[in-house]
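Next come the chains, spelled out residue by residue.
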Amino acid sequence: DTGVSQDPRHKITKRGQNVTFRCDPISEHNRLYWYRQTLGQGPEFLTYFQNEAQLEKSRLLSDRFSAERPKGSFSTLEIQRTEQGDSAMYLCASSLEVGQFFGPGTRLTVL
Amino acid sequence: QKEVEQNSGPLSVPEGAIASLNCTYSDRGSQSFFWYRQYSGKSPELIMFIYSNGDKEDGRFTAQLNKASQYVSLLIRDSQPSDSATYLCAVRGTSYGKLTFGQGTILTVHP
């Protein structure tokens, strides 16, 4: 399978803990996006990389969130001091040209 | 006013009928428009995209764009029960930037 992969698929954590998610894009795709989706809503943009450069970050993204794509391949999204409001599906997408192709997502539950 | 608005539905159509899904957007600078399908518990799957005013057809799907009215629609011909899903409209301003999604329309195709 050469699609976007994400790890872990599910994460349960206690409030205040740090979590890190990983995304491996489709191999030749140079653009990588992170979104967050809550029940009944469409995905909400978090941040976007072209190769290793972080080109855009949502104004809604607090400083507890940080993302990296150190070698222009896989990316990590870290959430520090998690809050219950961070519970959501975290989606990664990659793109070479027009379309963005989503991975299966990481479902985060903060207790 | 939300940037991208969709009727959340649910929209219910009989098998074999045409399903019509609508979307309006607020940013006149938007350049490209996307339709995604999302099955329950799964990630969004790209159906098609459109740039120019008019219609674009791909199999049973037709996307329609009217930039003057800031309106995008998706028609699904010969609807099948397997088309039952949430349909997400997304809009992009710059060539390779973020997608802004609507909240999605739930479609149910009943036999």
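Up top is the structure.
Draft legend 1. Examining the pairing of strand E6 (residues 53-57) of chain A more closely. Residue and element names in this part refer to chain A. Note that strand E5 (residues 44-50) and E6 share four bridges and pair antiparallel. Paired with phenylalanine 49 across the bridge in E6 is glutamine 54. Between E5 and E6, which pair antiparallel one after the other, the connecting turn spans two residues, and asparagine 51 there sits at a positive phi close to 55°.

Draft legend 2. Spatial organisation of the pairing of strand E5 (residues 45-50) of chain B. Residues and elements named next belong to chain B. For strand E4 (residues 32-38) and E5, the ladder comprises five bridges, and the chain directions are antiparallel. Within the sheet, the bridge partner assigned to tryptophan 35 lies in E5 and is methionine 48. The antiparallel pairing of E4 with E5 creates a hairpin that spans six residues between the two strands, and glycine 41 there sits at a positive phi of about 80°.

Draft legend 3. Local environment of the state of the cysteines. Residue and element names in this part refer to chain A. Scanning all chains against the criterion turns up two disulfides over all chains. Two residues, cysteine 23 and cysteine 92, share a disulfide whose sulfurs are 1.8 Å apart. The disulfide joining cysteine 23 to cysteine 92 has a torsion of about -65° about its S-S bond and is therefore left-handed. Of the two residues, cysteine 23 sits in strand E3 (residues 19-24) while cysteine 92 sits in strand E9 (residues 88-95), which places them 69 residues apart along the sequence. Of the two residues examined, cysteine 23 and cysteine 92, each falls in the buried class.

Each value, and the rule that gives it
- Residues numbered from 1 in each chain as written.
- Chains lettered and ligands numbered in written order.
- Predicted model: local features only at pLDDT ≥ 70, side-chain atom pairs only at ≥ 80, totals over all residues.
- Heavy atoms only, no water.
- Pairing = 2+ DSSP bridges.
- Helix = DSSP H or I, 4+ residues; strand = E, 2+ residues; numbered from the N terminus.
- Disulfide = S-S within 2.5 Å.
- Buried < 20%, exposed > 50% of the residue type's maximum accessible area, 1.4 Å probe, protein only.

Read these as layout, nothing more, since geometry by itself doesn't imply function.
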